[in-house]
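What follows is each chain in one-letter form.
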Amino acid sequence: MNNLGQKVIYQIYPKSFYDSNNDGIGDLPGIIQKLDYIKKLNVDMIWFNPFFVSPQHDNGYDIANYYEIDSRFGTMADFEELVAKLKEINVGVMLDMVFNHCSTDHEWFQKALAGDEKYRKFFYLRKAKPDGSLPNNWQSKFGGSAWAKFGDTDYYYLHLYDPTQADLDWHNPEVRKEIYRVINFWRQKGVHGFRFDVINVTGKDERLIDSTGDIAQEKSLYTDTPIVHQYLKEMNQASFGQDPNSITVGEMSSTTIANSIKYSNPNEHELSMVFNFHHLKVDYQNGEKWTKAPFDFMKLKQLFTQWQEEMDQGAGWNALFWNNHDQPWALSRFGDTGIYREKSAEMLATTIHLMRGTPYIYMGEEIGMIDPDYSSIDSYIDVECKNAFKELQQKGISEKQAFDIVKSKSRDNSRVPMHWDSSQYAGFSSVTPWLMPTDQDQINVKDELAHGEIFNYYQNLIKLRHNEELISDGHIRMFLKDDPQVLAYERFLDDQPSKLLVFNNFYGQSHTVTLPKAFQKQAAQVVISNYDQQDINLQETLTLRPYEALAIKI
Ligand code: NOJ
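Criteria and thresholds
Residues numbered from 1 in each chain as written. Predicted model: local features only at pLDDT ≥ 70, side-chain atom pairs only at ≥ 80, totals over all residues. Heavy atoms only, no water. Helix = DSSP H or I, 4+ residues; strand = E, 2+ residues; numbered from the N terminus. Rg over C-alpha atoms; globule rule 2.2 N^0.38 Å. Buried < 20%, exposed > 50% of the residue type's maximum accessible area, 1.4 Å probe, protein only. Areas by Shrake-Rupley, 256 points an atom, 1.4 Å probe, with all protein chains shown as cover. Domains from an automatic or database assignment. Salt bridge = Lys/Arg side-chain N within 4 Å of Asp/Glu carboxyl O. Near = heavy atom within 4 Å. Polar contact = N/O pair within 3.5 Å; in protein donor to acceptor, adjacent residues only side chain to side chain. Nonpolar A, V, L, I, M, F, W, Y, C, P; charged D, E, K, R; others polar. Phe/Tyr/Trp six-rings, centres within 6.5 Å; stacked < 30°, edge-to-face > 60°. Lys NZ or Arg CZ within 6 Å of the ring centre and 35° of its normal. Pairing = 2+ DSSP bridges. Contact = heavy atoms within 4.5 Å. Axes fitted to C-alpha atoms, helices over the stretch in contact; angles between N-to-C directions.

### So, the overall build of the chain
Point 1. When helices and strands are tallied, the chain shows 18 helices and 23 strands.
Point 2. Here the chain has a C-alpha radius of gyration of 23 Å; the compact-globule value for 554 residues is 24 Å, and the two agree.
Point 3. Expressed as lengths along the three principal axes of its C-alpha atoms, the size of the chain is roughly 75 × 55 × 50 Å.
Point 4. The buried share of the chain, reckoned over its 554 residues, is 61%.
Point 5. Counting only carbon and sulfur atoms, one obtains 47% of the accessible surface of the chain, whose full area is about 21300 Å².

Shown next as C-alpha cells:
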C-alpha cells in the first residue's frame with residue numbers, strides 16, 4: 001500500500017513556475033532551481049501539467065508527441081535530472097496523460113489525413129447527414145460544434161474540445177494499446193504518478209446520435225458510460241497496476257458519486273482517486289459557467305457532505321482541491337482578498353486538508369495568490385475565455401459585462417506566473433512573461449517567507465496529514481449541517497475513542513454555534529488554528545472569529 005491518506009500532492013504548471021532561460025516561459029530547469037522551496041513545503045508528489053511536444057493551442061493539452069519533452073520546456077535530460085533530484089528529496093512525479101484526444105499535429109492524425117486506413121480508425125470520422133448537416137449536434141466544451149472538417153474529404157472528425165484536439169476512438173483496441181505503451185514508457189523513467197485528463201468521456205456511445213439539445217442529456221451520451229470502467233480496468237492491468245507504488249487520479253467531468261466510487265474503490269482496480277468539480281460550480285448562475293454570481297454556501301456544504309460521506313461509505317477516495325490551472329483562484333471566489341486574505345486562505349486550506357481524501361495544493365496557493373487585475377481582454381490568452389467573451393456578446397451581453405464575467409472565470413487567473421518576488425516580472429523571468437503578473441508587490445514568495453503566515457500554516461497542515469491517523473485514515477461525518485456560516489465535520493476511527501472536530505467560518509463576521517450535545521462539556525486539545533488559541537473546555541456554544549478555522553481533538 002502507498003498510504004494514500006498520508007500524501008499531499010503539489011501541482012506545478014510548468015509554463016508559469018520559473019523561467020530559467022529567459023524566454024518568458026517557465027521550464028524544467030527552472031523547476032530544478034526551485035527544489036529547495038518545494039522541499040520546505042514537504043509535499044510528497046508533484047503533478048506536472050503537460051510539457052510534451054505540443055503546438056500549445058490548449059497549453060499542452062493538445063499533445064503532438066507523447067514521448068518527447070517540448071523544447072520550450074527543456075530536454076529529456078532535464079526531465080531525467082528532475083526525476084532524480086526529486087527522488088533525493090523523496091518527492092514522486094505525477095505526469096499528465098491526455099488521452100481523450102491528441103493534437104491534430106500528431107502523426108496519427110496526420111497519417112489519417114493522408115488516407116492511412118489504420119490511423120483513420122484512431123479517430124471518430126463521420127460523413128455529414130444526408131441533408132448535409134453535421135454528423136450530430138454535439139457541442140464542443142470550448143464553444144461551437146464538436147465537429148470539424150477532416151481535410152479535403154467528405155468527412156468530419158469529432159473534437160469535444162478545441163478543433164486542434166481530435167478525439168481518439170478508444171473503442172479501437174489499437175488506440176488503447178498505444179496509450180498503455182505511453183504510460184509504460186514514462187513508468188520506465190521512474191514515474192509512479194499519473195493524472196488522466198477527462199478520462200470519463202472516453203467511452204462515447206458509438207452510434208454518436210443527436211442529443212435532445214439539453215446539455216445534461218448530451219453529456220450523458222459520452223460521460224461515465226459503463227465501458228469507461230472496463231477501459232480503466234484494462235489500462236490498470238496493462239500499465240500502472242503493475243506498480244504497487246503507483247498513484248493515479250482521474251479527472252472526471254460532470255461525474256456522479258456512484259461512478260466515482262467505482263473509479264476509486266481499490267477492489268475495482270481502476271484508479272486511486274478522482275477529481276470531481278461539483279463544489280467548484282456553486283458560483284455558477286443556473287449551472288452556467290460564464291456568469292458572475294456570489295457563491296452559494298449552503299450548496300457548497302451540501303455537496304461536500306454528500307461527496308465526503310458517501311465516498312467514505314462506498315470506500316471511494318477523493319482528491320481534495322480548491323485550485324488548479326482551470327479555475328480562478330479560490331481565494332477570490334470563496335475567501336477575502338482584503339484584510340482577511342491570510343485568515344481566509346488558511347480557513348479554506350483547513351476545510352479540505354482535514355477532510356477524507358488526498359489534498360492537492362496548486363502552486364501559489366500556499367502564498368495566498370489571487371486573480372490578476374487585467375483591464376483588457378487582450379491581456380488574456382486562453383482559447384476558452386476568448387471564445388466565451390465573443391459568445392457572450394453575441395448573446396446580447398454588453399462588452400463591459402462580458403469582460404467582467406470573463407475576468408471572474410477565466411482559466412488564465414490561475415495560470416499567471418508564480419510570484420517569487422515583487423519585481424516587474426515577479427521574479428519569474430527577466431523578460432516579459434507569456435502572461436503578466438499584476439499584484440506581485442502585495443503577494444509574493446519572498447515576503448511570505450519573511451513575514452507571512454500562510455506558507456507556514458500549509459507546512460503545519462502537511463505535517464498533520466503525515467502524522468495524524470484520524471486525518472489520514474479516519475471516517476468523516478458532517479455536523480451543523482444547517483448553519484449558514486460554518487462548515488464543520490468530525491473525523492473518527494472505528495477503534496479509537498478520540499475524535500477530531502473541525503470548524504470553518506466562511507465569513508468575515510464572528511459567529512456562535514451551538515455544539516451537538518455529544519461534544520459539549522469536554523476538554524479539547526487544539527490541533528491547528530489560524531488564530532492564537534489555547535486548549536479549551538467545550539461548553540454548549542463555540543464562537544468563531546472572522547474566517548476562523550479550528551481543529552480540536554476530544
Ligand atoms: C482538462 C484540462 O485540465 C484542461 O486544461 C484542458 O483544456 C481539457 N481537459 C482538455 O484537455
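### Some thoughts on the domain arrangement of the chain
Point 1. In terms of domain boundaries, the chain breaks down into domain 1 (4-102 + 173-460), domain 2 (107-167) and domain 3 (473-553).
Point 2. Computed from C-alpha coordinates alone, the two centres of domain 2 and domain 3 are separated by 54 Å.

### Some words on the pattern of salt bridges
Point 1. Inspection of the entire model under this criterion finds 34 salt bridges.
Point 2. In this structure, Arg 120 and Glu 117 form a salt bridge, with 3.4 Å as the shortest nitrogen-oxygen distance. Taken together, the residues Arg 120 and Glu 117, both in helix α5 (residues 117-120) and three residues apart, mark about one turn of the helix.
Point 3. Exposure remark for Glu 117: the relative accessible area of 47% places this residue in the partly exposed category.
Point 4. Glu 468 is paired through a salt bridge with Lys 553; the nearest N and O atoms lie 3.0 Å apart. One end of the pair, Glu 468, is in the loop between α17 (454-467) and α18 (469-473); the other, Lys 553, is in strand β23 (residues 549-553), with 85 residues separating them in the sequence.
Point 5. For Glu 468, a relative accessible area of 14% puts it in the buried group.
Point 6. By sharing partners, the salt bridges in this structure join Asp 58, Lys 289, Asp 326, Asp 382, Glu 384, Arg 411 and Arg 415 into a single network.

### Looking at the site of the ligand
Point 1. Neighbouring residues of the ligand: 14 residues in total, closest Asp 58, His 101, Asp 197, His 325 and Asp 326.
Point 2. Here an oxygen atom of the ligand sits 2.5 Å away from a polar atom, N or O, in the side chain of Asp 58.
Point 3. A distance of 2.7 Å separates an oxygen atom of the ligand from a polar atom in the side chain of His 325.
Point 4. Burial of the ligand by the protein chains amounts to 97% of its free accessible area of 300 Å².
Point 5. Split into classes, the residues belonging to the shell around the ligand amount to four nonpolar, three polar and seven charged.
Point 6. When residues of the shell around the ligand are assigned to domains, at least three fall in each of domain 1 (4-102 + 173-460) and domain 2 (107-167).

### Digging into the packing of aromatic side chains
What characterises a pair of aromatic rings is the spacing of the ring centres plus the angle enclosed by the ring planes.
Point 1. In total, this model carries 44 aromatic pairs according to the counting rule given.
Point 2. Arranged with centres 5.1 Å apart and planes meeting at 85°, the rings of Phe 109 and Phe 123 form a pair that is edge-to-face. Pair noted here: Phe 109 is in helix α4 (residues 107-113) and Phe 123 is in the loop between α5 and β7 (125-127), with a separation of 14 residues, a long-range link. Accessibility classification places Phe 109 together with Phe 123 in one group, the buried group.
Point 3. The side chain of Lys 34 reaches across the aromatic face of Tyr 18, ending 4.5 Å from its centre.
Point 4. Across from the ring centre of Trp 420, 4.1 Å away, lies the NZ or CZ of Lys 34, which sits over that ring.

### Some words on the sheet that holds strand β17 (residues 486-492)
Point 1. Ordered in space as β16-β17-β18-β23-β20-β21, the six strands form an open sheet in which the pairing is antiparallel. Because the sheet does not close on itself, it has two edges, and the strands there are β16 (475-479) and β21 (536-537).
Point 2. In this sheet, β21 lies alongside strand β20 (residues 523-529) in antiparallel orientation, the contact comprising two bridges. Residue pairing in the sheet places Ala 523 in a bridge with Asn 537 of β21.
Point 3. Across the sheet, helix α10 (residues 297-313) lies against β16 and β17, angled at about 150° from β16, the strand it touches most.
Point 4. On top of the sheet, α17 reaches β20 and β23; it is set at about 125° to β20, its chief contact.

### Re the sheet that holds strand β1 (residues 9-12)
Point 1. Sheet architecture is open: eight strands sit in the order β13-β12-β11-β5-β2-β1-β15-β14, paired in parallel fashion. Among the strands making up the open sheet, the edge pair consists of β13 (273-275) and β14 (319-320).
Point 2. As defined by bridge partners, β1 adjoins strand β15 (residues 358-362) across three bridges and the pair is classed as parallel. Counterpart to Tyr 10 in the pairing with β15 is Ile 361.
Point 3. Across the sheet, helix α3 (residues 76-88) is in contact with β2 (45-48) and β5 (92-97); its angle to β5 comes to roughly 140°.

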